[in-house]
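Survey of secondary and tertiary structure
The residues making up each chain are set out below.
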Amino acid sequence: IADREFSIAVGEGFVISQSPAPGDLVDPGTTVEIIISLGPEPEPEPEPDPPPIVEPEPEPEPEPENGNGDGNGDGDGDGDGGD
């Protein structure tokens, strides 16, 4: 056996070709090379889908602290300036 090849025309295990050709006269001891069919080539496996890209969620904005916003308050949020 010289080789094995896929073939849609020749069934698995059958001879695709030979050298010398069938019917040729050869001397005793001459090497005859044959190519055997592997049958039809199998369908390739489909490529797996890539994993989804997960985008990080944005960090939430910090909540404003209680107070009057002028920097002079007591921060309790009641607007009395600490009284």
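Right above here is the structure, for reference.
Each residue is numbered by its place in its chain's sequence as written, counting from 1. Only residues with pLDDT of 70 or above have their local features reported here, since the model is predicted, and side-chain atom pairs are shown and tallied only from 80 upward, although totals for entire chains, interfaces and linings are computed over all residues. In computing side-chain values, all of the structure's heavy atoms are included and hydrogens and water are not.

**Quick notes on the side chain of Ser37**
Runs of H or I in DSSP of at least four residues are treated as helices and runs of E of at least two as strands, each being numbered from the N terminus. Note on placement: Ser37 falls in strand β3 (residues 33-37). Of note is the side chain of Ser37, whose polar atom sits 2.6 Å from the backbone oxygen of Val10. Throughout this description, a polar contact denotes any pair of N or O atoms lying within 3.5 Å of each other; where both atoms belong to protein, one of them has to be capable of donating a hydrogen while the other can accept it, and for residues adjacent in sequence the pair is counted only when both atoms sit in side chains. At a separation of 3.3 Å, a polar atom in the side chain of Ser37 contacts the main-chain carbonyl oxygen of Gly11. Excluding its chain neighbours within four sequence positions, the residues that come into contact with Ser37 are Glu5, Ser7, Val10, Gly11, Glu12, Gly13, Phe14 and Ile16. Working rule for contacts: check all heavy atoms of both residues, and any pair within 4.5 Å makes them a contact.

**Section: the side chain of Ser7**
Mapped onto the fold, Ser7 is located in the loop between β1 (3-5) and β2 (15-19). For every residue, the accessible area (1.4 Å probe, protein chains only) is compared with the maximum for its type, and the residue is labelled buried under 20%, exposed over 50%, or partly exposed between those bounds. Look at Ser7 and you get buried, because its relative accessible area is 11%. Separated by 3.1 Å, the side chain of Ser7 and the backbone nitrogen of Ala9 make a polar contact. Excluding residues within four positions of it along the chain, Ser7 makes contact with Ile16, Ser37, Gly39 and Pro40.

**Notes on the sheet that holds β2**
Any two strands are treated as partners once DSSP identifies two or more bridges connecting them. Pairing within the open sheet is mixed, and its three strands lie in the order β1-β3-β2. Since the sheet does not close on itself, it has two edges, and those belong to β1 and β2, each with one partner. Averaged over all pairs of adjacent strands, the angle between strand axes in this sheet comes to 20°, irrespective of strand direction. Alignment of β2 against β3, held across four bridges, turns out to be antiparallel. If you follow Ser17 over to β3, its bridge partner there is Ile35. Axes, fitted as lines to C-alpha atoms, cover a helix only where it is in contact. Angles between the N-to-C directions of the axes lie from 0 to 180 degrees.

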